[in-house]
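# Inside the fold
Chain residues, written in single-letter form:
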Amino acid sequence: MTHVNAPHAGPVDYREVQQREDFKELRKTHRSFVFPMTAFFLLWYIAFVIAAAFFPDFMAIKVWGNINLGLILGLAQFLTTFLITGLYVWFTNSKLDPKSSAIRLELEARGAGLPEEEKH
Amino acid sequence: MNSLITAFTTNAAEAPLANAAAEAGSDVGSPLANIAIFVVFVGVTLFFVIRASKNNNTAADYYAGGRSFSGTQNGTAIAGDYLSAASFLGIVGAIAVYGYDGFLYSIGFLVAWLIALLLVAELMRNTGKFTMADVLSFRLRQQPVRIAAAISTLAVCLFYLLAQMAGAGALVSLLLGIDSGVGQSLIIAVVGALMIFYVFIGGMKGTTWVQIIKATLLIIGSAVMTIWVLALYGFNFSELLGAAVENTGEEALLEPGLQYGADLFTKLDFMSLGIALVLGTAALPHVLIRFYTVPTAKDARKSVVVAIALIGAFYLFTLVLGYGAAALLDTETILAAPGGQNSAAPLLAYELGGTLLLGFIAAVAFATILAVVAGLTITASASFAHDVYAQVIKKGKLDSAGEVKAARMTVIVVGILAILGGIGAQGQNVAFLVALAFAVAASANLPTILYSLFWKRFTTRGALWSMYGGLSSALLLIAFSPVVWGRDTSFFPDVDLAIYPLTNPGLVSIPLAFLLGWIGSLTSKVAEDPAKQAEMEIRSLTGVGAEKATEH
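Residues numbered from 1 in each chain as written. Chains lettered and ligands numbered in written order. Predicted model: local features only at pLDDT ≥ 70, side-chain atom pairs only at ≥ 80, totals over all residues. Heavy atoms only, no water.

## Overview of the overall build of chain A
What chain A contains, in helices and strands, is 4 helices and 2 strands. Its helices and strands taken in sequence order, chain A reads α-α-α-β-β-α from the N to the C terminus. Residue burial in chain A is summarised as follows: out of 120 residues, 43% are buried. Considering only residue pairs separated by 6 or more positions, chain A has 70% of its internal contacts joining residues 24 or more positions apart. When the accessible surface of chain A is split by element, carbon and sulfur atoms take 67% of a total near 6,200 Å². (Helix = DSSP H or I, 4+ residues; strand = E, 2+ residues; numbered from the N terminus. Buried < 20%, exposed > 50% of the residue type's maximum accessible area, 1.4 Å probe, protein only. Contact = heavy atoms within 4.5 Å. Areas by Shrake-Rupley, 256 points an atom, 1.4 Å probe, with all protein chains shown as cover.)

## Re the overall build of chain B
Across its full length, chain B holds 22 helices and 0 strands. Compactness check: chain B gives a C-alpha radius of gyration of 22 Å against a globular reference of 24 Å for 552 residues, within 12% of the reference. Counting only C-alpha atoms, chain B reaches 65 × 50 × 45 Å along its principal axes. Here chain B holds 552 residues, and 68% of them are scored as buried. If you take every contact in chain B between residues at least 6 apart in sequence, the share linking residues at least 24 apart comes to 84%. For chain B, the accessible area works out to roughly 16,200 Å², and carbon and sulfur atoms hold 68% of it. Within chain B, one finds 28 positive and 32 negative side-chain charges whose respective centroids are separated by 22 Å. (Rg over C-alpha atoms; globule rule 2.2 N^0.38 Å. Lys, Arg positive; Asp, Glu negative; His and termini not counted. Charge placed at Lys NZ, Arg CZ, Asp CG, Glu CD.)

## Looking at the confidence of the model for chain A
All names here are of chain A. Here chain A shows a mean pLDDT of 86. Residues at 70 or above account for 85%. Every residue in residues 1-9 scores below 50 in pLDDT, and together they form 31 contacts with partners more than four places removed in sequence or on other chains. Here residues 116-120 scores under 50 on pLDDT; set against residues more than four positions off or in separate chains, the count is 17 contacts. (pLDDT = per-residue confidence, 0-100.)

## So, the packing of helix α13 (residues 264-280) of chain B against helix α21 (residues 506-522) of chain B
Residue and element names in this part refer to chain B. Between α13 and α21, the shortest axis-to-axis distance is 8 Å and the interhelical angle comes to 45 degrees. Viewed along their axes, α13 and α21 adopt a mutual orientation that is oblique. Here Leu268, Ser272, Ile275, Ala276 and Leu279 of α13 lie close against α21, whose contacting residues are Gly506, Leu507 and Ile510. Across the contact of α13 with α21, the residue classes break down as 6 nonpolar, 2 polar and no charged. (Axes fitted to C-alpha atoms, helices over the stretch in contact; angles between N-to-C directions. Parallel < 35°, antiparallel > 145°, perpendicular 65-115°, else oblique. Nonpolar A, V, L, I, M, F, W, Y, C, P; charged D, E, K, R; others polar.)

## Concerning the packing of aromatic side chains
All names here are of chain B. Evaluation of the coordinates by the stated rule reveals 25 aromatic pairs over all chains. For the pair Trp455 and Phe458, a centre-to-centre distance of 6.4 Å together with 40 degrees between the ring planes defines the contact as tilted. Judged by relative accessible area, which is 1%, Phe458 ranks as buried. We note Lys532 situated over the ring of Phe138; from NZ or CZ to the ring centre the distance is 5.2 Å. (Phe/Tyr/Trp six-rings, centres within 6.5 Å; stacked < 30°, edge-to-face > 60°. Lys NZ or Arg CZ within 6 Å of the ring centre and 35° of its normal.)

## Observations concerning the confidence of the model for chain B
Residues and elements named next belong to chain B. The predicted model of chain B averages 86 in pLDDT, with 92% of residues at 70 or higher. At the level of individual helices and strands, chain B shows its lowest average pLDDT in helix α1 (residues 2-10), which scores 35, and its highest in α21, which scores 97. The low-confidence segment residues 1-26, where pLDDT is below 50, has 87 contacts with residues more than four positions distant or belonging to other chains.

## Remarks on the nonpolar core
Of all hydrophobic cores here, the largest spans 216 residues; its most connected members are Phe237, Tyr315 and Tyr323 of chain B. It is helix α17 (residues 344-393) of chain B that provides the largest number of residues to this core, a total of 25 residues. (Core = buried A, V, L, I, M, F, W, Y, C linked by side-chain atoms within 4.5 Å.)

## Describing the environment of Asn93 of chain A
Inspection of the secondary structure puts Asn93 of chain A in helix α4 (residues 69-109). Once residues lying within four places of it in the same chain are set aside, the contact partners of Asn93 of chain A are Pro98 of chain A together with Lys298 and Arg301 of chain B. Looking at Asn93 of chain A, its side chain comes within polar contact range of the side chain of Arg301 of chain B, at 3.4 Å. (Polar contact = N/O pair within 3.5 Å; in protein donor to acceptor, adjacent residues only side chain to side chain.)

## Considerations on the side chain of His386 of chain B
Residue and element names in this part refer to chain B. Tracing the backbone through its elements, the reader meets His386 in helix α17. Judged by its relative accessible area of 0%, His386 is buried. A distance of 2.9 Å separates polar atoms of two side chains, one belonging to His386 and the other to Asp134.

## Let's talk about the interface of chain B and chain A
Opposite the 84 residues of chain B that make contact, chain A presents 66 residues. Interface area, chain B with chain A, both sides summed: about 6,700 Å², of which 68% is carbon and sulfur. Taken as a group, Leu118, Lys129 and Leu541 of chain B account for 10% of the area that chain B buries against chain A, more than any other trio of residues on that side. Where chain B packs against chain A, one counts 14 residue pairs in polar contact (both at pLDDT 80 or more). Counting residues per element, the side of chain B that touches chain A draws most heavily on helix α22 (residues 530-542) of chain B, which supplies 11 residues. Residue composition of the side of chain B that touches chain A, grouped by class: 43 nonpolar, 20 polar and 21 charged. (Buried area = accessible area lost by both parts, 1.4 Å probe.)

## Regarding the pattern of salt bridges
As enumerated under the stated definition, the model contains 13 salt bridges over all chains in all. Across the pair Glu537 of chain B and Arg27 of chain A runs a salt bridge, and its minimum N-O distance is 2.5 Å. Note that Glu537 of chain B is positioned in helix α22 and Arg27 of chain A in helix α2 (residues 21-54), a pairing that runs across two chains. Taking the shortest distance from any N to any O, the salt bridge between Glu535 of chain B and Arg539 of chain B comes out at 3.4 Å. A residue pair is termed a helical-turn pair when its members lie 3 or 4 positions apart in one helix, as Glu535 of chain B and Arg539 of chain B do in helix α22 at 4 residues. As far as the burial class goes, Glu535 of chain B and Arg539 of chain B line up, both buried. Sharing partners across several salt bridges, the network here consists of Arg20, Asp22, Glu106 and Arg110 of chain A. (Salt bridge = Lys/Arg side-chain N within 4 Å of Asp/Glu carboxyl O.)

## Some words on unusual backbone geometry
Among all residues except glycine, the phi angle is most often negative; among peptide bonds, the trans geometry is most common. Residues and elements named next belong to chain B. Unlike most non-glycine residues, Phe235 shows phi in positive territory, near 55 degrees. The residue Phe235 is located in the loop between α11 (181-232) and α12 (237-248) in this model. Look at Lys395: it is not a glycine, yet its phi comes out positive at around 55 degrees. Tracing the sequence through the fold places Lys395 in the loop between α17 and α18 (400-424). According to the relative accessible area criterion, Lys395 is partly exposed, its value standing at 47%.

## Quick word on α11 of chain B
All names here are of chain B. For α11, built from 52 residues, the straight-helix expectation of 76 Å at 1.5 Å per residue is missed by more than 12%, its first-to-last C-alpha distance being only 40 Å. Helix geometry: α11 is bent most strongly at Gly203, by close to 125 degrees. Just past α11, the residue Gly234 takes up positive phi, approximately 60 degrees. (Expected span 1.5 Å × (residues − 1). Bend = angle between axes of the 7 residues up to and from the residue.)

Structure representation (structure tokens):
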């Protein structure tokens, strides 16, 4: 089979592409969404765990019937996980995919691609 | 405190079943019904496995299911892979007995998927072919990085596999009423042989179908039980909570602290576990390998979205089921049953739907073990055959058919090791192994994955320091922890050499591995190839070539 890291002496100079404005823009768009979002959910999760471990009395405050703050914050973790997932899907579909596929199609038209998967 | 720690690790695996299970057979339900339903499951999955086996000639077929699965199928299979019997039996039981703290545990398991979604899934799919090592060695020095990645992959798979196999024997005594040591060993051997057959014949395609079927059954079964429980309380969750408190007489059931709140160390231990879960999930090799079974990065994204929806829904069900068990069952009965708190879900099923529902849930629990061990075995065999044998030993000069042959040999070896290990681990407290697998994945794999994908100046030395440093520090900390020394549940209860006070190494080993990767890279004298870095970055973000690769 072909080596996974086949020589990149293909038709495309990746270092040149890396310096292009459209690629830099793609990278910036990607990172400016995923990095802050990751920081946000990690901090929010750690804050929640610290609250549960060290401030149980706070979490025990009853809000409605037998439903207390701990349960609400826990369910809020589920909710933010679902929301961030939805937000990311919206972001990639509307902002990221058009940029990445433009570059991909152009490079593939120039003959760039993985070494072919093994044939038999 | 000892019992707290035991219970604390219990969630992570079903192994403690082994201790209690030997004492008594199950006195509820009908073992025959349980076996019959399980046999039906085996029959159905065998059909799919044999059908899948007809097209398993190339490495892409065998390791990656021909990249022919849709995002929805793969997402369901990921849920099947991830929701082990520990999640199902362990979390329901933990909520039934410890209330809120059990719920706390499930949140980490879910939130973890955001790392996979945002940072890992698509970029890994775009860059690699079959294994994690493909990505990690892309722009670094092939041989050493590939070997390190294979070692940590095999370590994580082995820990996880042992815990599952040991749990299988215990589950049997709980659900089938087989309580002799020989009987349990026999069942472990049967489960192992079945698993070897599935993976050997069916490869990734067969394994994936087993996981899809199992995930569907598990989620339908728990959804039915959830609606049933809620209906008993007029679909008023607050009323269910009130009934749980009233029935158990435990006011604190609804607030944190029953399980982890004893002292500073139990609290830190929980934080360490929580961090290891969140950072480890996206770096578990058997999760990563699933991203290669779909044709495009977009399908990898869809997989994670579907997995998050299914896993999230499932953990919401366990919240209802756990408090439902607390409200409807007697805590003493749960703890006295074979398997202790792990028996809460089966007992609840019996309480609600009698023999038939119990049989269904029992069969699902079995199917779960089978599906999870199959997923681990195909991952371990891909890693050995592709990374170690084909790329390192044969220097990439092995053809596809040769690689599949090597992978199949590895399946047999791994399967036999798992059977022997599972039999040997019976009655041992190996519950810590699952938590350890997450901690090793988070320390040995995640830093290198993230650095390779996002940090230009990352080097081979950084990768090796981080992977070996993360792996060995996690193992060393466990070796000098209360898991091994000085507690009733330790391997050596009478000698206390536990220098590290926690039972989970993550709190130390994960930051250490990140630090080592950073220092190792900064102190490297050899620069990495910038052209390779450029190629990897462009491929990871655009998917150049990766999507075309399977069109033939």
